[in-house]
Amino acid sequence: MTFTTGRSAEPTPFFYTQHDLSNLATAARRVVEVCATGPEERLLNALPFAPHLAFWLAHYAGTSGGVLTLSSGGGKVMGTEGNIRHIRKFKPNVIIGIPTFVYHLLHQAAEEGVHCENLRLIVLAGEKVSDGLRLKLRDLARELGAGNAHALVTYGFTEGKQAWAECPFPHTEPSSGYHLYPDLGIVEVIDPKTGKEVPPGHPGELVFTPLDARGTVVLRYRTGDFIDGGLTYEPCPHCGRTLPRLVGNISRKSEVKEMNLDKLKGTLVDFNELEHVLDDAPHIGAWQIELRKLRDDPMEIDENHPPCSKDQRHR
């Protein structure tokens, strides 16, 4: 049994039969194949021990893909120092984890002068990842002695009981998207207002139906996730696979909010786009936005602050 996480609603259980576990192992093996790794490499699974899809998919990626795997349980089990100790001794070729923790882990390891020349892939799961974070992770990998590491992202959700991955791509080119498994499930992209399917390459909401599931099963499940590049059936320009792919940025529909700010004239502000702008800034490691009303009165106008100094901007 796993649970939905990361939403405001009460966690919902999702049940697996042995048949579902076999499908999960198949999907996990394909993530290993798409990410271009294999039995000759070592995988540090830094995802937290928990009844959620990401950890178990990484577990089965190791067992079904034949990859030597060390599962550390993330930061809460062995702490940052314990994971750094594993990087020193285990010398992983691949690290998989939550993006924010992996960034923290590699940043701390670099500060301590750790070397991990074997590191070739950084696989990220559980959170949205910007191009700016990819760049920062590659820079940190170089500080560890890894010259050309790739930062790849997976996309999955509890209700689908599987996840999809990007293939390695040149740093100067955009990702070719998440490689799907049409024998295990149907992925549709629909207009969120009408519910009708949109043509390939058009943006819309992701809808998923498994083809061979047991236990807890969803049908035409509306994920609430919006993809701006849509679905494509063209061969992958990087690995050549002819699988359908999801292309572009994925964001939550609920994160598009209406802002009654005079300077924006009441238009829609997509916080996902704002997040990409801030994350991609090379000198910003972390950020927070605070919106306040004048005198904390909800009926008042939005409070404006004077421009910050250059030193404040850098901090």
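Structure first, text after, so check above.
Here goes a summary of the coordinates provided. (Residues numbered from 1 in each chain as written. Predicted model: local features only at pLDDT ≥ 70, side-chain atom pairs only at ≥ 80, totals over all residues. Heavy atoms only, no water.)

## Brief notes about helix α3 (residues 75–90)
Owing to its 3.6 residues per turn, the α-helix brings residues three or four apart onto one side. An ideal rise of 1.5 Å per residue puts 22 Å on 16 residues; α3 reaches only 17 Å between its terminal C-alpha atoms. The principal kink in α3, of about 65 degrees, is found at E81. Its buried side turned inward, α3 meets β3 (42–45), β4 (68–71), β5 (94–97) and α4 (99–111). The positive-phi residue at the C-terminal boundary of α3 is K91, with phi of around 50 degrees. (Helix = DSSP H or I, 4+ residues; strand = E, 2+ residues; numbered from the N terminus. Expected span 1.5 Å × (residues − 1). Bend = angle between axes of the 7 residues up to and from the residue. Contact = heavy atoms within 4.5 Å.)

## Some thoughts on the nonpolar core
Counting residues in hydrophobic clusters, the biggest one holds 72 residues, and the most contacted among them are L106, W164 and L246. Apart from the residues within four sequence positions on either side, L246 is in contact with Y155, S176, G177, Y178, L180, V187, V189, L206, I227, G230 and L231. (Core = buried A, V, L, I, M, F, W, Y, C linked by side-chain atoms within 4.5 Å. Buried < 20%, exposed > 50% of the residue type's maximum accessible area, 1.4 Å probe, protein only.)

## A short note on a nonpolar patch on the surface
A cluster of nonpolar side chains, contributed by F49, V77 and M78, occupies part of the molecular surface with about 270 Å² of accessible area. Residue position: M78 is located in helix α3. (Patch = residues over 30% accessible without salt bridge, like charges linked within 9 Å, V, L, I, M, F, W, Y side chains within 5 Å. Areas by Shrake-Rupley, 256 points an atom, 1.4 Å probe, with all protein chains shown as cover. Salt bridge = Lys/Arg side-chain N within 4 Å of Asp/Glu carboxyl O.)

## Describing the packing of α3 against α4
Where α3 meets α4, the axes come as close as 10 Å, and the angle between the chain directions of the two elements is 45 degrees. One element, α3, and the other, α4, form an angle in the oblique class. Relative to α4, α3 is oriented so that their crossing is right-handed. Across the interface between the two elements, G75, T80, E81, N83, I84 and I87 from α3 touch F101, H104, L105, L106, Q108 and A109 from α4. Taken together, the residues that form the contact of α3 with α4 break down as 6 nonpolar, 5 polar and 1 charged. (Axes fitted to C-alpha atoms, helices over the stretch in contact; angles between N-to-C directions. Parallel < 35°, antiparallel > 145°, perpendicular 65-115°, else oblique. Left-handed = near helix turned anticlockwise from the far one by under 90°. Nonpolar A, V, L, I, M, F, W, Y, C, P; charged D, E, K, R; others polar.)

## Description of unusual backbone geometry
Not every positive phi belongs to a glycine, and A36 is a case in point at roughly 65 degrees. Overall, the relative accessible area of 40% leaves A36 in the partly exposed class. With a phi angle near 50 degrees, K91 is a residue other than glycine that sits in the positive phi range. Examined against the element boundaries, K91 turns out to sit in the loop between α3 and β5. With a relative accessible area of 25%, K91 lands in the partly exposed category.

## Quick word on the pattern of salt bridges
A side chain of one charge can pair with a side chain of the opposite charge when the charged atoms of the two come close. Enumeration over the complete set of coordinates arrives at 11 salt bridges. Its salt-bridge partner being R88, residue E112 comes within 3.6 Å of it at the nearest N-O pair. You can see E112 sitting in the loop between α4 and β6 (121–124) and its partner R88 sitting in helix α3, a full 24 residues away along the chain. On the basis of relative accessibility, which here comes to 39%, the residue R88 falls in the partly exposed class. One salt bridge in this structure joins D212 and R214, with 3.2 Å as the shortest N-O distance. A residue is classified by how much of its surface remains accessible, and D212, at 25% relative accessible area, is partly exposed. Look at R214 and you get partly exposed, because its relative accessible area is 38%.

## Quick look at the sheet that holds strand β12 (residues 221–227)
The strands that make up a sheet pair up through hydrogen bonds in the backbone, lying either parallel or antiparallel. Reading across from one edge, β10-β11-β12-β15 is the order of the 4 strands in this open sheet, with antiparallel pairing throughout. In this open sheet, the two strands that pair with only one neighbour each are β10 (185–190) and β15 (250–252). Pairwise comparison of adjacent strand axes, ignoring direction, gives a mean angle of 40 degrees for this sheet. As paired strands, strand β11 (residues 204–210) and β12 are joined by 4 bridges and run antiparallel to one another. (Pairing = 2+ DSSP bridges.)

## Overview of the packing of helix α1 (residues 18–34) against helix α2 (residues 53–65)
Interaxial distance between α1 and α2 falls to 7 Å at its minimum, and their mutual angle equals 75 degrees. The orientation of α1 relative to α2 falls into the category roughly perpendicular. Every residue of α2 that contacts α1 at L21, L24, A25, A28, R29, V31 and V32 is listed here: L53, W56, L57, Y60, A61, S64 and G65. When its residues are assigned to classes, the contact of α1 with α2 shows 11 nonpolar, 2 polar and 1 charged.

## Things to note about α4
Here α4 is 13 residues long and its end C-alpha atoms lie 18 Å apart, about the 18 Å a rise of 1.5 Å per residue gives. Of all the residues in α4, the buried ones are P99, F101, V102, L105, L106, A109 and A110. The buried residues of α4 occupy one face: seen down the axis, they fall within an arc of 165 degrees. Residues of α4 that are exposed and point more than 90 degrees away from the buried face comprise T100 and E111. Each element contacted by the buried residues of α4 is listed here: α3, β5, β6 and α5 (131–143). Just downstream of α4, G113 is the residue with a positive phi angle, here 75 degrees. (Arc of directions from axis to C-beta.)

Everything listed here is a matter of coordinates, which is why it stays silent on function.
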